[in-house]
Amino acid sequence: MREPEAAAERGTVLLLHGFTAGKESQRNEAHSLARQGYLAVTLDAVGHGERRYPDFEQRFLHQDEATDRAFFTIVEQGAAEIAGVIAALHEQGWARPGRVGGCGISMGGFTLFGAIVARCALDAVVTIVASPHWRHTDHSPHTQLDRYAHTPLLMQAAERDATVPPAPIRVLYEALIPRYAAAPDRLRYVEHAGEGHMFSAEAWHRAWDDALAWFDRFLRA
């Protein structure tokens, strides 16, 4: 495996996991990126993994408004951390200007939408079964259309996803088309037919191949 500084020449990709998971859950994807020559950086979300809230189960035991608010608090705090993570990677020599991407799955993708509208230095983003629509806030990423066009964005949704329905993702895509008119190849939406929130192995293989191709296109030297 390459040294971090050498891999950063190819590109650095942040991998953001889903709700209740941890950085280890993206190990396969990290190794896949490494095999393609990238430096993969996995992160524990706020309240997860090694940062897990001691009262995690109590916070998220019930499917009610309080739990929903707690979820979006994690998302918002996580998005606010991304700029600092990228700055630290640059400082350590583990990232290069124009060579930093992000891939977020479910909650991780929600977080990346927030990072995009915060104008973080992300040069290619892939979101998978993640919505730009944040509840309980006046600053939802789906309302800030002028913040996107600088970021190549691939959004992947699942047709039968009851957890993160595809409609708000599709609506954002359609609203962003005019914003990307100068470079339409930098915006893409894929809806995986027949799939739910947890992809089949075959669908996940397709989704991940699309993600790798996106990074190859926009991060490669």
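The structure under discussion appears in the preceding block.
Here the structure is a predicted model, which is why all the values come from computation and not from measurement. Counting restarts for each chain: residues are numbered from 1 in the order of the written sequence. For a predicted model such as this one, the threshold for reporting local features is a pLDDT of at least 70, and the threshold for listing and counting side-chain atom pairs is 80 or more; totals across whole chains, interfaces and linings nevertheless cover every residue. Here the side-chain values reflect all heavy atoms present in the structure, with hydrogen atoms and water set aside.

Novice: Explain helix 5 (residues 107-117) to me, using residue names and the numbers behind them.
Specialist: Only protein chains enter the accessibility calculation, which uses a 1.4 Å probe; a residue is then buried when its area is under 20% of its type maximum, exposed when over 50%, and partly exposed in between. Helix and strand labels come from DSSP, where a helix needs a run of H or I of at least four residues and a strand needs a run of E of at least two; each type is numbered from the N terminus. Counting buried positions over the eleven residues of helix 5 gives eleven, a clear majority of the element. Listing the buried residues of helix 5 in full gives Met107, Gly108, Gly109, Phe110, Thr111, Leu112, Phe113, Gly114, Ala115, Ile116 and Val117. Between two residues, a contact is recorded if the distance between any of their heavy atoms is within 4.5 Å. As for helix 5, its buried residues are in contact with strand 1 (12-16), helix 4 (65-91), strand 3 (100-105), strand 4 (124-128), strand 5 (153-158) and helix 6 (167-176). Within two residues after helix 5, arginine 119 carries a phi angle of roughly 65°, on the positive side.

Novice: A description of the packing of aromatic side chains should follow, citing residues and the corresponding values.
Specialist: Remark: the centre distance and the inter-plane angle together describe each pair of aromatic rings, the angle taken between the planes. Aromatic rings from Phe, Tyr and Trp, taking only the six-membered ring of Trp, are treated as a pair when their centres fall within 6.5 Å; an angle between ring planes under 30 degrees marks them as stacked, one over 60 as edge-to-face, and anything in between as tilted. This model, assessed by the stated rule, comprises eleven aromatic pairs. Both rings, one in phenylalanine 71 and one in phenylalanine 110, keep their centres 5.6 Å apart while their planes meet at 90°; by these two values the pair is edge-to-face. Pair noted here: phenylalanine 71 is in helix 4 and phenylalanine 110 is in helix 5, with a separation of 39 residues, a long-range link. Pairing tyrosine 173 with tyrosine 189 gives two aromatic rings, centres 5.6 Å apart and planes at 25°, and the pair type is stacked. You can see tyrosine 173 sitting in helix 6 and its partner tyrosine 189 sitting in strand 6 (residues 187-192), a full 16 residues away along the chain. Put simply, the rings of Phe19, Phe56, Phe60, Phe71, Phe72 and Phe110 touch in pairs and so form one group of aromatic residues. Two conditions define a charge located above a ring, namely a distance within 6 Å from the ring centre to NZ of Lys or CZ of Arg, and an angle within 35 degrees of the ring normal. In this arrangement the basic side chain of arginine 52 is found over the ring face of phenylalanine 56, its NZ or CZ atom lying 4.1 Å from the centre. Note that arginine 59 overlies the ring of tyrosine 53, its terminal NZ or CZ placed 3.6 Å from the centroid.

Novice: Break down the environment of serine 106 for me, with residues and values.
Specialist: Here serine 106 lies in the loop between strand 3 and helix 5. Accessibility expressed as a relative area gives 12% for serine 106, which makes it buried. Remark: the alpha-carbon pair of serine 106 and serine 32, spanning 74 residues in sequence, is separated by 19 Å. In this structure serine 106 touches Gly18, Ile128, Val129, Ala130, Val164 and His197, once residues within four positions along its chain are discounted.

Honestly, that's just the spatial picture; any functional story needs more than this.
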